[in-house]
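As a plain string of letters, each chain reads:
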Amino acid sequence: MKNVCILGGGASALMCACCAKDNVNVKIIEQNSKVGKKILATGNGRCNLTNKIVNDKSYNTDIKNFLNKFNQFDTLNFFNSIGLETYADNEGRVYPFSNSASSVLEVLLNYLINKKNINIDTDKKFVDIEKIDNKYRIQFEDSFEDFDEVIVALGNKANLNLFEKFGVKNNPFVPSLCGLKTSKNKNLAGTRVSNVKVFCKAVNFEETGEILFREDGISGIVIFNLSAFLSRAKINSAEIIIDLMPNINFEILLNKLKNRKELLKNYKINDFLTGFFNKTINFDLINKLKFDLEKDVSKLSDKDLFNLAKLIKNYSIKTLGFLDNNQVFNGGVKLSSLTNCLEAINQKGLYFIGEIVDVDGVCGGYNLQWAWTSGKIVGENLWN
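Everything numeric here is computed off the predicted structure, so don't read it as measured data. (Residues numbered from 1 in each chain as written. Predicted model: local features only at pLDDT ≥ 70, side-chain atom pairs only at ≥ 80, totals over all residues. Heavy atoms only, no water.)

**Digging into the packing of aromatic side chains**
Part 1 of the reasoning: Inspection of the entire model under this criterion finds 14 aromatic pairs.
Part 2 of the reasoning: With a centroid separation of 5.3 Å and 80° between ring planes, the pair formed by phenylalanine 78 and phenylalanine 79 is classed as edge-to-face. By the burial criterion, phenylalanine 78 is buried, and phenylalanine 79 matches it.
Part 3 of the reasoning: Judged by centre distance (6.4 Å) and plane angle (75°), the ring pair of phenylalanine 213 and tyrosine 315 falls under edge-to-face. Of this pair, phenylalanine 213 sits in strand β14 (residues 205-214) while tyrosine 315 sits in strand β17 (residues 315-318), and the two are 102 residues apart along the sequence. No difference in accessibility class separates phenylalanine 213 from tyrosine 315, as the two residues are buried.
Part 4 of the reasoning: These aromatic residues form a ring-pair network of at least three members: Phe78, Phe79, Tyr111 and Trp372.
Part 5 of the reasoning: In this structure, arginine 46 packs its charged tip against the face of tyrosine 95, placed 3.9 Å from the ring centre.
Part 6 of the reasoning: Positioned above the aromatic ring of phenylalanine 272, the side-chain terminus of arginine 260 is 5.9 Å from the ring centre. (Phe/Tyr/Trp six-rings, centres within 6.5 Å; stacked < 30°, edge-to-face > 60°. Buried < 20%, exposed > 50% of the residue type's maximum accessible area, 1.4 Å probe, protein only. Helix = DSSP H or I, 4+ residues; strand = E, 2+ residues; numbered from the N terminus. Lys NZ or Arg CZ within 6 Å of the ring centre and 35° of its normal.)

Here's what the structure looks like:
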């Protein structure tokens, strides 16, 4: 029987092992004490395992030919067939019915336990790989093992340089799906605003969603998605514009402010926006325009109201890099170095799956879908 090694024990590795034929001996080698650790952290512990809606903007590159072999609906059918109940939210994001990521890992491990040809070896750190005669020698910290074929599923932990000797080219890993650094702003730390529209001209980005302000940056799904576009473009710093009230145009907003001035003319300017936004946003807007907080609202000029409306519709933030809370990385083994079965073009029997491949998606289950797709394609290719 063919002896196969899967380096790594994440989502793609487990799917690959699930799909391996019975006439192949498969060993999953994981450096952590348990496999599937990252699965448990996805979707804030709920595991957003795929998305019913996949479009051209879902990924950094075209993977239609891979999705044609195993798409999001195939993923749902597979997990349903091994006992996982799922549901989808209004945006197409699919979760286990239990709303617990552990359910996803448990059904995968239960399935693997019943496959007699699968072994899992943990607490084993990969060091190097060589081709000796017709075997791949995997070097660990204190031992080595030989295999007929190797599937690399190491994610961003991989030392990509180790695979260059096999003609495998790569792009360096860059953080993606993360918060963005900004200048310090203690006053806004912890403030959350919903249904705002974010623009970034540098990468032609536009998306509506929620933003969380931090003392040293901004976060939230819409910002995570923007970070993916900045990461792919290798842009570390950019201006982003936030429309705090995207559902009404500038003229309507300006009229609202004029009517508000008349309604609240005897109030202090400090209270002019009370009931408009979160109080920290209200203070920040008024502070940015340097209004005199102790003056009456009646003292606000037409120019003041114009500038306030303009700021609400064009709230500018300069990003200063990426925060270290990234969910995935952009970069990895280039698809151009791999076949349609994700085998190295210049090295038969060496495969790459999951996050180590230069395929990354925006938030919403797309990265796990790539893990399932790539694992399935290679797993089904493992036969004598």
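Alright, that's what it looks like, and here's the rest.
**A short note on the environment of valine 104**
Part 1 of the reasoning: Topologically, valine 104 is positioned in helix α5 (residues 101-113).
Part 2 of the reasoning: Placed 178 residues apart in sequence, valine 104 and asparagine 282 show a C-alpha to C-alpha distance of 43 Å.
Part 3 of the reasoning: Once residues within four sequence positions are removed from consideration, valine 104 is found in contact with Ile39, Cys47, Phe79, Leu84, Pro96 and Trp372. (Contact = heavy atoms within 4.5 Å.)

**What about the sheet that holds strand β8 (residues 135-140)?**
Part 1 of the reasoning: Taken in spatial order, the 3 strands make up an open sheet running β7-β8-β9, and their pairing is antiparallel. Since the sheet does not close on itself, it has two edges, and those belong to β7 (126-132) and β9 (144-147), each with one partner. Direction aside, neighbouring strands of the sheet carry axes that sit 20° apart on average.
Part 2 of the reasoning: Note that β8 and β9 share 4 bridges and pair antiparallel. Of the residues in β9, the one forming a bridge with arginine 137 is aspartate 146. (Pairing = 2+ DSSP bridges. Axes fitted to C-alpha atoms, helices over the stretch in contact; angles between N-to-C directions.)

**Remarks on the nonpolar core**
Part 1 of the reasoning: Ranked by internal contacts, the top residues of the largest apolar core, which has 79 residues, are Phe79, Leu108, Val150, Phe163, Phe352, Ile356 and Trp372.
Part 2 of the reasoning: Setting aside chain neighbours within four positions, we find leucine 108 in contact with Leu14, Cys18, Ile39, Phe78, Phe79, Ile82 and Trp372.
Part 3 of the reasoning: With 42 residues, the next largest nonpolar core counts Leu226, Leu230, Ile248 and Leu311 among its residues. (Core = buried A, V, L, I, M, F, W, Y, C linked by side-chain atoms within 4.5 Å.)

**Topic: helix α6 (residues 221-232)**
Part 1 of the reasoning: Compared with an ideal rise of 1.5 Å per residue, which puts 12 residues at 16 Å, α6 spans 17 Å between its outermost C-alpha atoms and is within 8% of the ideal.
Part 2 of the reasoning: For α6, the set of buried residues is Val222, Ile223, Phe224, Asn225, Leu226, Ser227, Ala228, Leu230 and Ser231.
Part 3 of the reasoning: At the C-terminal side of α6, lysine 234 shows a positive phi close to 55°. (Expected span 1.5 Å × (residues − 1).)

**Description of the sheet that holds strand β5 (residues 93-96)**
Part 1 of the reasoning: Strand order in the open sheet made by the 3 strands is β3-β5-β4, with antiparallel pairing throughout. At either end of the open sheet lies a strand with only one pairing partner, and these are β3 (50-51) and β4 (86-88).

**Some points on the pattern of salt bridges**
A side chain with one charge can pair with a side chain of the opposite charge if their charged atoms come near.
Part 1 of the reasoning: For the structure shown, the criterion picks out 21 salt bridges.
Part 2 of the reasoning: With a closest N to O distance of 3.8 Å, aspartate 62 and lysine 64 form a salt bridge.
Part 3 of the reasoning: On the accessibility criterion, lysine 64 (44% relative accessible area) is partly exposed.
Part 4 of the reasoning: A single salt-bridge network, built from bridges that share partners, covers Lys27, Asp121, Lys124 and Glu145. (Salt bridge = Lys/Arg side-chain N within 4 Å of Asp/Glu carboxyl O.)

**Thoughts on the packing of helix α1 (residues 11-19) against α5**
Part 1 of the reasoning: Viewed as axis vectors pointing N to C, α1 and α5 meet at an angle of 35°, and their least axial separation amounts to 10 Å. α5 is crossed by α1, and the crossing has left-handed handedness. Note on element contacts: α5 touches α1 through Leu105, Leu108, Leu109, Tyr111 and Leu112, opposite Leu14, Ala17 and Cys18. (Left-handed = near helix turned anticlockwise from the far one by under 90°.)

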